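Tertiary structure, described
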Amino acid sequence: MTDRLDNELRFHQTALNARAYRQQVIASNIANADTPNFKARDLDFREALKGALGGGTANLDLRTTHAAHLPGAVATPMAAALKFRNEEQGAVDGNTVNMDVERSAFAENAVQYQASVTFINGLLRSMQLAVQGQ
């Protein structure tokens, strides 16, 4: 029984971590709105969650082609799900940040994060009631 509860909470914890990481990426886009040649990025949430839960890309190691190359790997499965945002309107300086898109994505992600927290609170509250026998 505890394994099932742990797995359920682990899924939600991973989803919250992915939402928080996406919020950081979007905030970085907003912060670099005036940086020349900055390319806006976004997180593919489904791919990030799948990778973080172990169902995504199995091998994220970088290939070395020379003995002097340092072995490397992508820091997290979520970082592997980062994609460049499609350019909606070109800028003279090469920056692809569209503030309307970024604000919308930021707000949407914040609402989804809060919904996940509310769901987890309800889950924990129902588990507490079950343990107390009420």
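Predicted model, so just to flag it, every value in this text is computed and none were measured.

Focus: the nonpolar core
Side chains of a nonpolar character, in soluble globular proteins, are inclined to be buried together. Within the largest apolar cluster, ten residues are counted, these being Ala15, Ala18, Val25, Leu43, Phe45, Ala48, Leu49, Met78, Ala81 and Leu82. For this core, the elements supplying multiple residues, two or more each, are helix H1 (2-31) and helix H2 (45-52).

Things to note about H1
Relative to the 44 Å expected for 30 residues at 1.5 Å per residue, H1 spans 43 Å between its end C-alpha atoms, a close match to the ideal helical length. Along H1, the residues that are buried comprise His12, Thr14, Ala15, Leu16, Ala18, Arg19, Arg22, Gln23, Val25, Ile26 and Asn29.

Observations concerning the environment of Leu43
Following the sequence through the fold, Leu43 ends up in strand E1 (residues 41-43). In sequence terms Leu43 and Gln24 are 19 residues apart; their C-alpha atoms lie 9.9 Å from each other.

Thoughts on the pattern of salt bridges
Counted under the stated rule, the structure contains five salt bridges. When the shortest N-O distance is used, the salt bridge between Arg85 and Asp42 registers 3.3 Å. Of the two residues, Arg85 is situated in the loop between strand E2 (82-84) and helix H4 (99-132) and Asp42 in strand E1; the sequence distance between them amounts to 43 residues. The same class applies to Arg85 as to Asp42, namely buried. Beyond isolated ion pairs, a larger network of salt bridges with shared partners links Arg22, Asp42, Arg85 and Glu102.

As for the side chain of Asn29
Inspection of the secondary structure puts Asn29 in helix H1. Taking relative accessible area as the criterion, Asn29 reaches 1% and is therefore assigned buried. A polar side-chain atom of Asn29 sits 2.5 Å from the main-chain carbonyl oxygen of Arg41. Once residues within four sequence positions are removed from consideration, Asn29 is found in contact with Phe38, Ala40, Arg41, Arg85, Val97 and Glu102.

Side note on the packing of aromatic side chains
Counting across every chain of the model gives zero aromatic pairs. Over the aromatic face of Phe45 sits the side chain of Arg19, whose NZ or CZ is 3.7 Å from the ring centroid. The residue whose ring lies beneath Arg41 is Phe84, and the NZ or CZ to ring-centre distance is 4.7 Å.

Remarks on the confidence of the model for the protein chain
Looking at the protein chain, pLDDT values average 84 and 88% of them are 70 or higher. Ranking the elements of the protein chain by mean pLDDT puts helix H3 (residues 77-80) last, at 74, and E1 first, at 93.

Cut-offs and rules
Residues numbered from 1 in each chain as written. Predicted model: local features only at pLDDT ≥ 70, side-chain atom pairs only at ≥ 80, totals over all residues. Heavy atoms only, no water. Core = buried A, V, L, I, M, F, W, Y, C linked by side-chain atoms within 4.5 Å. Buried < 20%, exposed > 50% of the residue type's maximum accessible area, 1.4 Å probe, protein only. Helix = DSSP H or I, 4+ residues; strand = E, 2+ residues; numbered from the N terminus. Expected span 1.5 Å × (residues − 1). Salt bridge = Lys/Arg side-chain N within 4 Å of Asp/Glu carboxyl O. Polar contact = N/O pair within 3.5 Å; in protein donor to acceptor, adjacent residues only side chain to side chain. Contact = heavy atoms within 4.5 Å. Phe/Tyr/Trp six-rings, centres within 6.5 Å; stacked < 30°, edge-to-face > 60°. Lys NZ or Arg CZ within 6 Å of the ring centre and 35° of its normal. pLDDT = per-residue confidence, 0-100.

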